[in-house]
Amino acid sequence: MLSRITQRQLEYFVASGEAGSIIGASERIHVSSPSISAAITHIESELGVQLFVRHHAQGVSLTAIGHQVLKEAKLILEQMLNLYTIASESMNNVRGPLRVGCLDTLAPMLTPELVFGFGRAFPGVRITLVEGNHEQLLKQLRTADIDIALTYDLVPASDIVFTSLAQLPPYVMVGEHHPFATQSAVTIEDLATMPMVLLDMPWSREYFLGLFSEAGVTPNVVMRSSNMEVVRSMVANGVGFGIANVRPKAHLSQDGKRLIRVRLAGSNRPMQLGYAIAAHTQHSMVVNAFAERCRVFISDQYIPGMAAPSYFDPQVVRVA
């Protein structure tokens, strides 16, 4: 199944086509050259065609098919701009209270751009942010203490409607001196005998321990914490490895030590990131507008505040 091409990637492509170079596009739209190059490569891979001929010193020229795609890309971006114009004109209709729940481990990354960005787009909305674990969020949805929750698909429930927006595969995090820090990938079986620091939150711990039970092995849990930042710090200090799904852009624990992200090989069930609302409930225009923002801003290609899904540390080039 083809992955989607984002608006940002189209903007980077158009800027490069009009500027005639990656560097020129970078200076024009104030985005790094590697990010622009990666966007162009993704679009070419997605469409299965070569859009540019690359020259020395990062100059580029459009191919014949590239000219056609550039024309269509401009039309798409213009139509998307029209959508924002329509939304802006109806902004006064989106007003009132909005109570958003967010999973503890997701809140530092998602809420600045997604939740408070919504408040800036619709000044008439009064936002209340509530953080908690998955169990707490579901309870608050059922008691109508929150309107919508940003969370995972951890517990199926007939009275809760969950909309999946992106997959978050599990990965392994280790300190920079851990034996696995130089590995490009490890398996669950590789981890079984190594000391583990477990994120001990309701339902999340069952997910992480389930990765081992599905492989027929038992993890060697030496430390637990319900706080992800505590887990990250213990991992960075060499207490053991950790498994996580969220992808913070920061590579340091809060005490300043380096964390290495290693790919977890095998068919491991990913977390489904999305939003949950109570079933059989009439939702306000504010809630519907925020749900639409979630669908626009969260995808497998981009999640606010998180590192790219393809990023792993280049450990293999390390020399002893």
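The preceding data block contains the structure.
Here is a short report on the structure shown in this document. All figures in this text were calculated on a predicted structure; none of them were measured in a lab.

## Notes on the side chain of T151
No. 1: Tracing the chain through its elements places T151 in strand β5 (residues 148-152).
No. 2: Side-chain polar atoms of T151 contact the side chain of H134, separated by 2.7 Å.

## Comments concerning the layout of surface pockets
No. 1: Taken as a whole, the second largest pocket holds about 340 Å³ of empty space.
No. 2: For the lining of the second largest pocket, the residue count by class is seven nonpolar, three polar and three charged.

## Concerning the packing of helix α5 (residues 107-121) against helix α10 (residues 285-297)
No. 1: Interaxial distance between α5 and α10 falls to 11 Å at its minimum, and their mutual angle equals 140°. Classified by the angle their axes make, α5 and α10 are oblique. The handedness of the crossing between α5 and α10 is right-handed. Contacts between α5 and α10 involve E113, L114, V115, G117 and F118 on the former and, on the latter, V286, A289, F290, R293, C294 and F297.
No. 2: Of the residues belonging to the contact of α5 with α10, the class tally is eight nonpolar, one polar and two charged.

## Details of α5
No. 1: Given a rise of 1.5 Å per residue, 15 residues ought to cover 21 Å, and the 19 Å separating the end C-alpha atoms of α5 matches this to within 8%.
No. 2: Of the surrounding secondary structure, the elements contacted by the buried residues of α5 are β3 (96-103), β4 (125-132), β5, β13 (271-278) and α10.

## Focus on the environment of E44
No. 1: Tracing the backbone shows E44 in helix α3 (residues 33-47).
No. 2: Residue class for E44 comes out buried when judged on its relative accessible area of 12%.
No. 3: Taking C-alpha positions, E44 is 37 Å from E189, a pair spaced 145 residues apart along the chain.
No. 4: With near-sequence residues (within four places) excluded, E44 lies in contact with V49, Q50, L51, F52 and R54.

## Points about the packing of aromatic side chains
No. 1: All chains considered together, the criterion is met by four aromatic pairs.
No. 2: Geometrically, the ring pair formed by F118 and F290 is edge-to-face, given 5.4 Å between the ring centres and 80° between the ring planes. Residue F118 is found in helix α5, and its partner F290 is found in helix α10; the two are separated by 172 residues along the sequence. Just as F118 is buried, F290 falls in that class too.

## Some points on unusual backbone geometry
No. 1: Backbone geometry at H30 places phi at a positive 60°, although glycine is not the residue there.
No. 2: Within the element layout of this structure, H30 appears in the loop between α2 (22-29) and α3.
No. 3: Exposure remark for H30: the relative accessible area of 69% places this residue in the exposed category.

## Considering the pairing of strand β12 (residues 259-264)
The side chains of a regular strand alternate between the sheet's two faces.
No. 1: β12 sits mainly inside the fold: five of its six residues count as buried.
No. 2: The sheet contact formed by strand β7 (residues 171-175) and β12 spans five bridges and is antiparallel. Bridge pairing in β12 places V174 opposite I260.
No. 3: Where strand β8 (residues 185-186) lies against β12, two bridges are found, and the strand directions are parallel.

## Quick word on the nonpolar core
No. 1: Counting residues in hydrophobic clusters, the biggest one holds 75 residues, and the most contacted among them are L150, L191 and F290.
No. 2: Aside from chain neighbours lying at most four places away, what touches F290 is L98, V100, L114, V115, F118, I148 and L150.
No. 3: Counting residues in each nonpolar core, the second largest holds 20 residues, with V14, L51, V60 and L77 among its members.

## Observations concerning empty space enclosed by the protein
No. 1: For the coordinates displayed, the defined rule picks out two cavities of 30 Å³ or more.
No. 2: One number sums up the size of the second largest cavity: a volume of about 70 Å³.
No. 3: Lining the second largest cavity are L103, T105, Y152, L199, S204, F208, M228, N245, V246 and M271.

## A few points about the environment of V53
No. 1: Along the chain, V53 falls in strand β1 (residues 52-54).
No. 2: By relative accessible area, V53 is classed as partly exposed at 33%.

## Describing the sheet that holds β8
No. 1: Strand order in the open sheet made by the four strands is β8-β12-β7-β11, with mixed pairing throughout. The sheet terminates laterally at β8 and β11 (242-244), the two strands that pair on one side only.
No. 2: Two strands pair when backbone bridges link them, and β7 and β11 are joined in this way by three bridges, in the antiparallel orientation. Considered in β11, the bridge of V172 is made with I243.
No. 3: Sitting on the sheet, helix α9 (residues 228-236) touches β7, β11 and β12, and the angle it makes with β7 is about 55°.

So, how was this worked out
- Residues numbered from 1 in each chain as written.
- Predicted model: local features only at pLDDT ≥ 70, side-chain atom pairs only at ≥ 80, totals over all residues.
- Heavy atoms only, no water.
- Helix = DSSP H or I, 4+ residues; strand = E, 2+ residues; numbered from the N terminus.
- Polar contact = N/O pair within 3.5 Å; in protein donor to acceptor, adjacent residues only side chain to side chain.
- 1 Å grid on protein atoms, 1.4 Å probe; cavity = no way out; pocket = protein on both sides within 12 Å on 5 of 7 lines; lining within 4 Å.
- Points joined across faces, edges and corners; volume = space filled by probe spheres on them.
- Nonpolar A, V, L, I, M, F, W, Y, C, P; charged D, E, K, R; others polar.
- Axes fitted to C-alpha atoms, helices over the stretch in contact; angles between N-to-C directions.
- Parallel < 35°, antiparallel > 145°, perpendicular 65-115°, else oblique.
- Left-handed = near helix turned anticlockwise from the far one by under 90°.
- Contact = heavy atoms within 4.5 Å.
- Expected span 1.5 Å × (residues − 1).
- Buried < 20%, exposed > 50% of the residue type's maximum accessible area, 1.4 Å probe, protein only.
- Phe/Tyr/Trp six-rings, centres within 6.5 Å; stacked < 30°, edge-to-face > 60°.
- Pairing = 2+ DSSP bridges.
- Core = buried A, V, L, I, M, F, W, Y, C linked by side-chain atoms within 4.5 Å.

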